[in-house]
Structures are given as structure tokens and as C-alpha cells.
Amino acid sequence: MNQNTNHDVWYSEYLVEGNAKVSLKLSKILHCEKTDFQELRIFENEEFGKFMVLDGYIQITEKDEFIYHEMISHPAMAVNPDVKKVLIIGGGDGGTAREISRYKSIERIDMVEIDEGVVNACKKYIPQTSAVFSNEPRLNLIIGDGLKFVENAPDAAYDLILVDSTDPEGPGEDLFTVDFYRNCFRALSENGILINQHEGAFFSGDALQMQKAHKKIKEVFPVAKVYGFNIPTYASGYWYFGFASKKYDPLNDLQAEKWNSIGLETKYYNTELHKGAFALPNYVKKILEEA
Ligand code: SAM
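Everything in this summary refers to the structure shown in the same document.

### A closer look at the packing of helix H7 (residues 178–187) against helix H8 (residues 204–220)
Then step 1. Relative to each other, H7 and H8 sit at 40°, their axes nearing to 9 Å. In terms of their interaxial angle, H7 and H8 are classed as oblique. Classified by chirality, the crossing of H8 by H7 is right-handed. Contact with H7, carried on its side by Val 178, Tyr 181, Arg 182 and Phe 185, involves Ala 213, Lys 216, Ile 217, Glu 219 and Val 220 of H8 and no other residues of that element.
Then step 2. In the contact of H7 with H8, the residues fall into 6 nonpolar, no polar and 3 charged.

Okay, here's the thing in C-alpha cells:
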């Protein structure tokens, strides 16, 4: 067991203002940059590997990013395996693009990331998620604002939109607006599914963001559900995605057999867990019902 020593350096993320935090001891400080949009840090920790922090919030770690990127990608594909055209908004580390590009049936992946600094830093320090930028011919990376991109996107241009955004502060704020959701709805085909980073429920600040997002999505999409997943380095260790669609229900329309026949090897997602992920704790159901 490592003894704590005075010269240890730790990164801490406040879970709530000043009263609780999660800390990772740093074995390396790899990159510190103030980009045009946010404070970008890349550190290394002996347990979690290299990890990226944006404006004080852990975004990915080498050890647990597979959970987030499997859970943003596979539930929608298990409901509609015929997805051909995908739009990723955010996701500058490349993990979502890497995971969704495992489906050879997908023809095109447009990805709109506002901060080129994130892409460049992850290309340099976190090839585990960013190698996709150099080895995926279907991936079309656009540096720009996702809000403006969907405003100008043609009707029914995409079958799946994955909003892999930061929290609704700073550049990510625009990606939690009714306008944004309305433009996503218009840019989706009639089989369209929207998956969005839907915040947490345990701490009140996160729960309020979840509730506000859900209220807006419900205004726009006929089907608006939420599903959860365990992610050790996110506040409270449990986080949520939104599943919104024009017609598909994530449970009634789950095509488990078809998805399993694709034969993708995953470390977290499976079609049994898919069903469980949409079963929510009572306090989370209450937050959403009150939205
Ligand atoms: N994929 C990571 C994970 O596992 O949680 C975290 C999300 S990713 C790092 C969030 C990205 O959203 C950031 O790179 C940020 O620059 C980007 N972003 C924030 N606002 C945006 C906007 N309006 N348009 C496009 N990208 C945006």
C-alpha cells in the first residue's frame, strides 16, 4: 500500500461546492492549455491511466472510457441496426467515433467538435480514443459549433445523432436548448434516434440539469427516455444518457437477436443490460416526472 507522502500532487474535482470532492493522485502532468473555449488538462494516474479534464470536470480516463462510449453508441444501434448516417456532436477525444465506427453497416459519420485543442491534445496523448481520427475513412471531422451545424443541416440528413457534450455550461450550454433539440429532430430521418449526455441524478446541481434537459427533449420528441450506467470517475459513479426518437421505444423495439448476430465484442454493454439500464431508481423517476 503506497504511503501518502508530502510531495504527492493530486487532481481534485468538486462534486458539490466545497463540501465533497473526488481526487486522483498524479503520476504525470502531460498537458495544460487554455483553449479558445475551455481549460484543457491531461494528467496521468496509476490506476485510471491518462485522463482529460475540461473546465475542472473529468471527461475521460483510459480505464473507464469504454463504459461511456459503449453506452452512448450501442443502445440505439440495438434498436435500429439499419442506421447508415450518424452525426456526433462534441466527442473531441474520439471515443464515440471509435465505438460507433465498429458498425461496418454505417456509411458516414459526421463529427462536429467546437474545440480543435481537444482533438489535438487527445491525438497526442490519448491514442486509445483518438486513433480513429487517422484510421477511419467514413469519419468526417468538422471543427465548429454543433448548435450552428444542426441549424444548417438538411432535413432527415441523419438516422442517429449522438450528443457527446460537456455539461450545460460554457460551450456545451447551447447543446441543451429547445432550439437545438428542434433542429436535431428536423435533421433526423423518420427512423431517427437522438442520444444525449443527460447528466447525473445524485447531486442536486446535476439533477437540476437532468430535469431541465428532459423537459426540453420531451417537448420535441414523442419518445423521450433515460438510461443509466456506472462510470467510476463521474460524480457519484452513475450517469445517464437520454434516448429520444420519432417512433422507436428503446425496450419494445429492442432487436436483441439481430444486434447479437452482429457479433460485436463489448466489455460493458449487452442486450440484457440494455433492458436494465432503462429501469430507473424511484428518486430518478421522480426527477424526470417532475420535469
Ligand atoms: N466523450 C467524453 C466522455 O467520455 O465523457 C466526454 C465528452 S467530450 C470531451 C465533450 C466535448 O464536447 C468537448 O470536446 C467539447 O469541446 C465539446 N463541445 C462542447 N460544446 C460544444 C458545441 N457547442 N459544439 C461542439 N462541440 C462542443
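### With respect to the sheet that holds strand E3 (residues 28–34)
Then step 1. Strand order across the open sheet formed by 4 strands is E3-E4-E5-E6, with antiparallel pairing between neighbours. Each having just a single partner strand, E3 and strand E6 (57–61) make up the two edges of the open sheet. Direction aside, neighbouring strands of the sheet carry axes that sit 20° apart on average.
Then step 2. Sheet topology note: the E3/strand E4 (residues 39–45) ladder contains 6 bridges and is antiparallel. Across the sheet, residue Glu 33 finds its bridge partner in E4, namely Leu 40.
Then step 3. Contacts from helix H3 (residues 116–125) reach E3, E4 and strand E5 (49–54), with the element oriented near 20° to E4.

### Topic: the nonpolar core
Then step 1. Among the nonpolar cores identified, the biggest contains 43 residues, and Val 86, Ile 100, Leu 160, Ile 195 and Phe 229 are the most heavily contacted of them.
Then step 2. The element contributing the most residues to this core is helix H1 (residues 65–79), with 9 residues.
Then step 3. If near-sequence neighbours (up to four positions away) are discounted, Ile 100 is found in contact with Ser 73, Met 77, Val 86, Ile 88, Ile 106, Ile 109, Leu 160 and Leu 162.
Then step 4. The next biggest cluster of nonpolar side chains, apart from the first, holds 25 residues, and it includes Ile 89, Val 150, Val 178 and Leu 188.

### Some details on the pairing of strand E12 (residues 223–230)
Then step 1. Burial analysis of E12 places 6 of its 8 residues in the buried class, which makes it a mostly covered element.
Then step 2. Examined bridge by bridge, E12 and strand E13 (residues 238–245) share 8 bridges and lie antiparallel to one another. Looking at E13, one finds that Tyr 227 is bridged to Phe 241.

### Observations regarding the pattern of salt bridges
When charged atoms on two side chains of opposite charge get close, those side chains can pair.
Then step 1. Taken as a whole and judged by the stated rule, the model has 16 salt bridges.
Then step 2. Residues Lys 25 and Asp 8 are paired through a salt bridge, measuring 3.6 Å at the closest nitrogen-oxygen approach. On the criterion of sequence distance, the pair formed by Lys 25 in strand E2 (residues 20–25) and Asp 8 in the segment before strand E1 (10–16) is long-range, its members being 17 residues apart.
Then step 3. Overall, Asp 8 belongs to the partly exposed group, its relative accessible area being 21%.
Then step 4. We note a salt bridge from Lys 258 to Asp 82, for which the minimum N-O separation is 3.2 Å. In this pair, Lys 258 is assigned in helix H9 (residues 256–262) and Asp 82 in the loop between H1 and strand E7 (85–90), connecting sequence segments 176 residues apart.
Then step 5. Overall, Lys 258 belongs to the partly exposed group, its relative accessible area being 36%.
Then step 6. Given a relative accessible area of 44%, Asp 82 falls into the partly exposed group.
Then step 7. One salt-bridge network, in which partners are shared between bridges, spans Glu 65, Arg 98, Glu 99 and Arg 102.

The rules behind these values
- Numbers given for residues are sequential positions, taken from 1 along each chain in its written order.
- It should be noted that, the model being predicted, local features are given only for residues of pLDDT at least 70 and side-chain atom pairs only at 80 or more, the latter also being counted only at that level, while totals for whole chains, interfaces and linings use all residues.
- The basis for the side-chain values is all heavy atoms of the structure; hydrogens and waters are excluded.
- Axis definition: a line fit to C-alpha positions, over the contact stretch in the case of helices; interaxial angles, taken between N-to-C directions, run 0 to 180 degrees.
- For helices the rule is a DSSP run of H or I covering at least 4 residues; for strands it is a run of E covering at least 2, with both sets numbered from the N terminus onward.
- Should an angle lie under 35 degrees it is considered roughly parallel, over 145 roughly antiparallel, and from 65 to 115 roughly perpendicular; all remaining angles are considered oblique.
- In this scheme the handedness of a crossing depends on how the near helix is turned from the far one: anticlockwise by less than a right angle means left-handed, clockwise means right-handed.
- The contact rule is simple, with two residues in contact once any of their heavy atoms fall within 4.5 Å.
- Under the grouping applied here, Gly and all other residues not named as nonpolar or charged are polar, the nonpolar ones being Ala, Val, Leu, Ile, Met, Phe, Trp, Tyr, Cys and Pro and the charged ones Asp, Glu, Lys and Arg.
- Here, any two strands with at least 2 DSSP bridges between them count as paired.
- To define a nonpolar core, start from buried Ala, Val, Leu, Ile, Met, Phe, Trp, Tyr and Cys residues and group those joined through side-chain atoms within 4.5 Å.
- Relative accessibility under 20% of the residue-type maximum defines a buried residue, over 50% an exposed one, and the middle range a partly exposed one, all with a 1.4 Å probe and only protein chains included.
- Salt bridge, as used here, is a side-chain nitrogen of Lys or Arg placed within 4 Å of a carboxyl oxygen of Asp or Glu.

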